[in-house]
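Topology and contacts: notes
Here is what each chain is made of, one letter per residue.
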Amino acid sequence: MTIQARFELHKEDFSLDVDLHIPARGVTALFGPSGCGKTTLLRAIAGLEHCPQGFLQIDGMCWQKEKLFVPPHQRSLGYVFQEASLFPHLNVRHNLEYGLKRVPVAERRVPLDRAIELLGISPLLARKPHKLSGGERQRVAIARALAVSPRLMLMDEPLAALDLARKQEIFPYLESLHRELDIPVIYVSHSPDEVARLADHLVLMEAGGISASGPITDMLTRLDLPLSQGGDAETLIEATVSEHDEVYKLTYLDFPGGRFTVAYKDLPVGTKVRLRIIARDVSITLEHQSNTSILNIFPATVDKIVPAGSAQVTVRLLAGNVPILSRITRKSAALLDLTPGKAVYAQAKSVALLA
Amino acid sequence: MSLDEADIAALFVTLKLAGLTTLILLLLGTPLAWWLARSKWRYKFLLEALIALPLVLPPTVLGFYLLITLGPNGPLGSLSQALGGPSLAFTFTGLVIGSVFYSMPFVIQPLQNAFAAIGSRPLEVAATLRASPLDRFFTIAVPLARSGFLTATVLGFAHTIGEFGVVLMIGGNIPGETQVLSIAIYDHVEALEYGQAHLLSGGLLLLSFLMLILVYAVNRRFSLVQQ
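Residues numbered from 1 in each chain as written. Chains lettered and ligands numbered in written order. Predicted model: local features only at pLDDT ≥ 70, side-chain atom pairs only at ≥ 80, totals over all residues. Heavy atoms only, no water.

**Here we look at the overall build of chain B**
Counted only if it meets this: Note on conventions: DSSP H or I runs of at least 4 residues are helices, E runs of at least 2 residues are strands, and numbering of each starts at the N terminus. For every residue, the accessible area (1.4 Å probe, protein chains only) is compared with the maximum for its type, and the residue is labelled buried under 20%, exposed over 50%, or partly exposed between those bounds. Every residue pair with non-hydrogen atoms within 4.5 Å of one another is taken to be in contact. Throughout, the Shrake-Rupley method with a 1.4 Å probe supplies accessible areas, and for residues the shown protein chains are the sole cover considered. Only four residue types enter the charge count, namely Lys and Arg as positive and Asp and Glu as negative; His and the chain termini do not. Charged side chains are reduced to one point each, which is NZ for Lys, CZ for Arg, CG for Asp and CD for Glu.
Along chain B, the regular secondary structure elements total 11 helices and 0 strands. For chain B, the spread of C-alpha atoms along the three principal axes comes to 65 × 45 × 30 Å. Expressed as a percentage of the 227 residues in chain B, the buried residues total 44%. Sequence separation of at least 24 residues holds for 71% of the intrachain contacts in chain B that already meet a minimum separation of 6. For chain B, the exposed surface amounts to about 11,500 Å²; the carbon and sulfur share of it is 71%. When the 11 positive and 11 negative side-chain charges of chain B are each reduced to one mean point, those points stand 30 Å apart.

The following block contains the structure:
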């Protein structure tokens, strides 16, 4: 159940040299600055970019090895480009059917109606692409890629060309794909927000190579990676809905380090959700504060401290073995005498429930 | 005033010549234009210059070399004779060959431009949607280049109708065989039959104008739809 890819490509002004191992399930984000090779890697996986001597194996299927090169149209993949790239001479329905018609009936696992319903595009079927908004076009493009029942979905910054409102329009659909379809996705992005909301696995890319790769929750809290050093350092925590408080309209969520309290969310007990805590919103105390409005307080131990700029430090805390990042001033760290192994309390001022 | 028998024969020869030439150019020119639009071969410009040559060459020059080539001592003429046929000069076949060269840029260039304007993205999308290269060509490239096909067809046809110098050099003026309208007009003027010349000239003027109106009107609609 893995995807393995080895590609080397040297052009005049750019070179790609990657050895990728990622799980063939869930969403893997390729994350990095523009020009780092994310799109080239994605195109190489699709076979749109030919890297001689490459190697590519998806869940046991070999698409490229030594002399073997399966051309793009024989690879069971769905590709969503940054611009929707709908065929302008076909209406929405015929765009959707273009790929579907070319897939043998026995291999069709995603019914067209299902793709249409998942992306909410049934009212658009008779329209021509130039009559659609940017967000609608991109939803049709995603449905079109899904309709070929791909074994692997490749998405190249599908939201980058859209404004914030259109992004918000598409996000719920992407999240429901993630939840409801068992198709591995490789998602190229340079937006930390998209990554936090969608990715299960994160591959960091830099200057044509892979600098780190691992489960998203680990990657965000690794102090040796640039993600934990920026101003928007954050922690993702997988938690389970455990109880609702009807009186105060609250929802309780359990994770190995304790119990979160968040504003009421209509989710059945047992639902797995993802919580996001910005490192700046996590403060540290030595004793359990009872005279405070903050509800989310967890006992933790200090794991590691690294400087973040000249005035601040990033502290990696472990609450029941779950890492949580806290960004505090260097002065506070000194006053509290924080050292690895010290027992403290982590107070999260705000917690965002992502899905 | 009406068309005499020779004029009607000239009209048919002209339409047959223009139709056949356009058909041959579309069949041969489409793959060539596709290749020119997509190829990254570094010496491609040589071929492009060669195809554009009839645009600037005096038709008599083109006609002269074609006459040499198609005549009994030329390579194509002697080949035809070796196969038991006539020398190709002063035959309808010779005219078709000459017209294909003469009208070539008018068909190839619009097609090449239309194919190039599609870009590689729609074809890549089609590839990820399981379409083979040939499938992509017919289901994506051809429909998206349809305005180029219309322009190529009409320009190729109209330009062949208007040809004079090449026909005069290699076709001669055999009524019912190689006499085309433009030459019939010339003959009428020479014989001071201005009425006949007016009729044919006016007819050609109107026909050419109508065909161009069609091209521009339809292309305008395409571009509005595809923007």
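Next comes the rest of the description.
**So, the sheet that holds strand β15 (residues 272-278) of chain A**
Residue and element names in this part refer to chain A. The cut-off we apply is this: In this scheme, strands are said to pair when DSSP sees at least two bridges between them.
If you trace the 5 strands from one edge of the open sheet to the other, you get β14-β13-β12-β15-β21, paired in antiparallel fashion. Both edges of this open sheet fall to β14 (258-263) and β21 (352-353), since each of them pairs with a single strand only. Direction of pairing for strand β13 (residues 250-255) relative to β14: antiparallel, over a ladder of 6 bridges. Note on β14: the bridge partner recorded for Asp254 is Arg259.

**Topic: the sheet that holds strand β10 (residues 201-206) of chain A**
Residues and elements named next belong to chain A. To be explicit about the condition: Here the axes come from fitting lines to C-alpha atoms, over the contacting stretch only for helices, and the angles between their N-to-C directions go from 0 to 180 degrees.
Here 6 strands make up an open sheet; going across it, the order is β7-β8-β9-β3-β10-β11 and the pairing mixed. The open sheet is flanked by β7 (77-80) and β11 (209-215), the only strands paired with a single partner. Each strand axis lies, on average, 15° off the axis of its neighbour in the sheet, ignoring direction. Summarising the sheet, β10 and β11 pair through 6 bridges and their orientation is antiparallel. Looking at the pairing, Val203 lines up with Ser213 of β11. Strands β7 and β8 (152-156) of the sheet are contacted by helix α4 (residues 134-146), whose axis makes an angle of about 170° with β7.

**With respect to helix α6 (residues 121-128) of chain B**
Residue and element names in this part refer to chain B. Where burial is concerned, most of α6 is hidden: 7 out of the 8 residues are buried. Among the residues of α6, those classed as buried are Pro122, Leu123, Glu124, Val125, Ala126, Ala127 and Thr128. One or two positions beyond α6, positive phi appears at Arg130, with a value near 75°.

**What to know about the interface of chain B and chain A**
Convention followed: A quick way to say it: buried area is the sum, across both parts, of accessible area lost when two parts are put together, with a 1.4 Å probe. A side-chain nitrogen of Lys or Arg and a carboxyl oxygen of Asp or Glu constitute a salt bridge if their distance falls within 4 Å. Between N or O atoms, a polar contact is any pair within 3.5 Å; within protein, one atom must be a potential hydrogen donor and the other a potential acceptor, and residues adjacent in sequence are included only when both atoms are from side chains. For this classification, Asp, Glu, Lys and Arg are treated as charged, while Ala, Val, Leu, Ile, Met, Phe, Trp, Tyr, Cys and Pro are nonpolar and the rest, including Gly, are polar.
At the interface, 20 residues of chain B touch 23 residues of chain A. Each partner contributes to the roughly 2,000 Å² buried at the junction of chain B and chain A, and carbon and sulfur atoms together form 63% of this total. Of all residues in chain B, the largest losses of buried area upon contact with chain A belong to Thr128(B), Leu129(B) and Arg130(B), amounting jointly to 37% of the total for that side. For Asp135(B), the salt bridge goes to Arg102(A), with nearest N and O atoms at 2.6 Å. The interface formed by chain B and chain A holds 8 residue pairs in polar contact (both at pLDDT 80 or more) in total. Of all the secondary-structure elements, those providing two or more residues to the side of chain B that touches chain A are α6 and α7 (133-144) of chain B. Of the residues in the side of chain B that touches chain A, the class split is 11 nonpolar, 4 polar and 5 charged.

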